[in-house]
Amino acid sequence: MKLQAGLLALALAGSLVACGDSGGGAGDADAAASARGPINIWYSNNAEEVAWGKQMVAAWNAAHPDQKVTAQEIPTGKSSEEVIGAAITAGNAPCLIFNTSPASVSQFQKQGGLVPLDSFSDGTSYIEERSGDVAKQYKSSDGKYYQLPWKSNPVMIFYNKKAFAKAGIDTTKPPLATYDEFLAASRKIVASKAAKFAIYPAPSNEFFQSWFDFYPLFAAETGGKQLVADGKAQFNSDEGKKVATFWRTMYADKLASQEKYTGDAFVDGTAAMAAVGPWAIATYKGKVDWGVVPVPTSAGKPADEIHTFSDAKNVAMYSACKNRGTAWDVLKFATSKEQDGKFLAASGQMPLRKDVTAAYPDYFAKNPDYKVFADQAARTVEVPNVANSITIWQTFRDAYSKSVIFGQEDPGTALDGAAQKVDQLAKQS
Amino acid sequence: MRRGLLGRVLGEHPVGAVFVTPYVVFLAAVFAYPLGFAVYMSFHDYFFTAPGAIVERPFVGFDNYVTVLSDPAVRRAFWNVLVFLVINVPLTVVLALGLANALNAAIRWRTFFRVSYYVPYVTASVAVVGVWLFLFNSNGLVNSVLGPLAPDPSWLVNSKLAMPTVAIYVTWKQLGFFILLYLAALQNVSKDLYEAAAMDGADKWKSFWNVTVPGVRPATTLVVLLATVTGANLFTEPYLLTGGGGPDGASASPVLVMYQKGIEQGNPDIGSAIGVLLVIAVLALALIERRFVGREES
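Residues numbered from 1 in each chain as written. Chains lettered and ligands numbered in written order. Predicted model: local features only at pLDDT ≥ 70, side-chain atom pairs only at ≥ 80, totals over all residues.

**A closer look at the overall build of chain A**
Point 1. Of regular secondary structure, chain A possesses 19 helices and 14 strands.
Point 2. Computed over its C-alpha atoms, the radius of gyration of chain A comes to 22 Å, within 12% of the 22 Å expected for a compact globule of 429 residues.
Point 3. Each principal axis of the C-alpha distribution contributes one length, and for chain A these read about 65 × 50 × 40 Å.
Point 4. Residue burial in chain A is summarised as follows: out of 429 residues, 54% are buried.
Point 5. Pairs at least 24 residues apart make up 75% of the contacts formed inside chain A by residues separated by at least 6 positions. (Helix = DSSP H or I, 4+ residues; strand = E, 2+ residues; numbered from the N terminus. Rg over C-alpha atoms; globule rule 2.2 N^0.38 Å. Buried ≥ 20, exposed ≤ 12 C-beta atoms within 10 Å, placed from the backbone. Contact = placed C-beta atoms within 7 Å.)

This is the structure we're talking about:
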């Protein structure tokens, strides 16, 4: 990207806002909330979700010919969030996006791009009855729901049974519960050359990379705390520093790599473990004989007490939507028990609804590999829904990268420094 | 003879204005207006909103500039790009001129070499970056050749070597274009001058230094300016090659930081301030370069 292009992007987006300032307004919102008619939706571009999305839309359209839904994959860009942000600014966002990142909700909300779902008479009750207590993590700082918790991919540790066998590690109940056990197993893997690295979290500096190295272990170690709570950083606690020290050892001992990897290190056999959610199972099929365990904790908590990062994607309604009555009905239809079941069957990702295993017993009887993820889905931690969310994550990542991955500063000192900055950012809420 | 205001504006050939109008409109739409709007944003508390959203965007004076200049990540990015330019621009000039001179001679496989140097320029960075990752990672081809001399940490994760490696990568990638510029310029250097130099007893090196180098000076000015401008706009390489400006911001560029803060983090006012500072810095650098490299032109 050239500077001119960057300035052009910034300026054009800004000028679109300037042009649009006089249009619309809250006065139209009430009418829109009950308006019905055709709507547009976007969904993710992975094959499983596209297949589910197509059948969902076809089912809706067959029953509601006067309220036709037109669906498409999210247009390509550097990230979905960037595309959505631009669409909000341009005023051409669709009614619903079935791939809204919780980390971006506060920014979209600030932009005036989201419809609070509480504005529908059954909005709050529908969300809380469907998702249970976990729903509260998705409330914004003003107490409203600007997103419907849709599906999660609880992050767990996948391991390659073949590599573990070569390293002389038990493949049915591998000792990976404590940090000491995890480090010992990692050393065996590397020493035996079963794999070049024990695990290969992306060492790059994008703000979201900490969701797949530090954050799952932090959620587990703290019993379910978020990165920021009550306007204060939590990651520089003793538990946070233990997690940072653990990962520092992994990098210092070359059990994890500092270098960017093009491809999937777990599939390629370069790493014997991966921290990822059940969405990845489809990509491992026929390539890796895998097992899965919860993320480690310093003291080795029992599996049924371990929390992890949810890696959820939600559904939000966007303020450019004219026929919000239809959009709300479609949202409920797409997240009904029947459609959630079809989504689970198509993608293996966990609908964010209460007691998934009890809701779909047949699926889990046929697919026992997925049951462990359903159990874990009950104990997931979301990114904090606070203002400056992305800036907070980037601030954390910068400190983590410098100290933990590249060892240029003591991790504890780096986290303390980042916590001061994050406290300031969180206060701006 | 006195001319009217319209006449003075349109010049002696008013029809020329018709021909330049489309380009003037284009420049105004895609360059002048965005630049002006970026300056406006940089002096306001500005963020993007949905049409119809009513928000305050107060004038904040130089606050965004103070924020930017007091941010160590931004200062580091400007330092990084200076390091990049110090390596990239001279290397580009020397290699492009040397290779163009060689390719201008009657050597075998000349067309093949010309195409070979041009291929990286027309190949998408995304594709080429994969090859460079393979070459420069710790188990890559370069370290295998170097053996015990290989740096640890390896090139792209070494805070001292990451930016020089990026600079060398970009030099290689852009070289074909600059070789073409020099090849075109070499056609304009009179053969009589070479013959005169030969009669005066100049060898090949003296002939190159005293005839070729001065003969292509206008092209050198252009190459230096273009290499500086494109180098200052560095984004793709730190974004893809070093995983977001790593390690620890050692290869972050101002445009990368501008993207992170302006687009990813939703602070276009901060992003714009970085952009405006970069424009000023590039203009200043270009003026200095023109003063020294292009002095004999004027």
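Moving on from the coordinates now.
**A short note on the confidence of the model for chain B**
Residues and elements named next belong to chain B.
Point 1. Averaged over chain B, the pLDDT score is 90; the fraction of residues at 70 or greater is 97%.
Point 2. Mean pLDDT values for the elements of chain B range from 76 in helix α1 (residues 5-10) up to 97 in helix α3 (residues 63-69).
Point 3. This prediction of the complex comes with two scores: 0.88 for pTM and 0.84 for ipTM. (pLDDT = per-residue confidence, 0-100.)

**A short note on unusual backbone geometry**
Keep in mind that most residues, glycine aside, have a negative phi and that most peptide bonds are trans.
Point 1. With an omega of 0°, the peptide bond between Asp152 of chain B and Pro153 of chain B qualifies as cis.
Point 2. You can see Pro153 of chain B is positioned in the loop between α7 (141-146) and α8 (162-186).
Point 3. In this structure, Lys193 of chain A is a non-glycine residue whose phi angle is positive, near 60°.
Point 4. Within the fold, Lys193 of chain A resides in the loop between α8 (179-191) and β6 (197-199).
Point 5. Since 10 C-beta atoms lie within 10 Å of it, Lys193 of chain A is described here as exposed.
Point 6. One non-glycine residue with positive phi stands out, namely Lys254 of chain A, at about 60°.
Point 7. Relative to the assigned elements, Lys254 of chain A resides in the loop between α10 (238-252) and α11 (265-268).
Point 8. The partly exposed category is assigned to Lys254 of chain A, around which 14 C-beta atoms lie within 10 Å.

**Describing the sheet that holds strand β4 (residues 148-152) of chain A**
All names here are of chain A.
Point 1. The strand order across the open sheet built from 6 strands is β2-β1-β3-β12-β4-β13, with neighbouring strands paired in mixed fashion. In the strand order of this sheet, the two ends are held by β2 (69-73) and β13 (350-351), each with one partner.
Point 2. Bridge count for strand β3 (residues 96-100) against strand β12 (residues 313-317) is 3 bridges, and the pairing is antiparallel. Within β12, the position partnered with Thr100 by the bridge is Asn314. (Pairing = 2+ DSSP bridges.)

**Digging into the pairing of β12 of chain A**
All names here are of chain A.
Point 1. With 5 of its 5 residues buried, β12 lies for the most part within the structure.
Point 2. Taking every second residue as pointing to the same face, both faces of β12 are buried, with Lys313, Val315 and Met317 on one and Asn314 and Ala316 on the other.
Point 3. Across 2 bridges, the pairing between β4 and β12 is antiparallel. Bridging across to β12, Lys151 finds its partner in Lys313.

**Focus: the packing of α8 of chain B against helix α11 (residues 217-232) of chain B**
All names here are of chain B.
Point 1. Viewed as axis vectors pointing N to C, α8 and α11 meet at an angle of 155°, and their least axial separation amounts to 10 Å. Classified by the angle between their axes, α8 and α11 sit roughly antiparallel to one another. Crossing handedness for the pair α8 and α11: right-handed. When α8 is examined against α11, the residues Val170, Gln174, Phe178, Leu181, Tyr182 and Ala185 are found in contact with a partner set consisting of Pro218, Ala219, Leu222, Val223, Ala227, Thr230 and Gly231. (Axes fitted to C-alpha atoms, helices over the stretch in contact; angles between N-to-C directions. Parallel < 35°, antiparallel > 145°, perpendicular 65-115°, else oblique. Left-handed = near helix turned anticlockwise from the far one by under 90°.)

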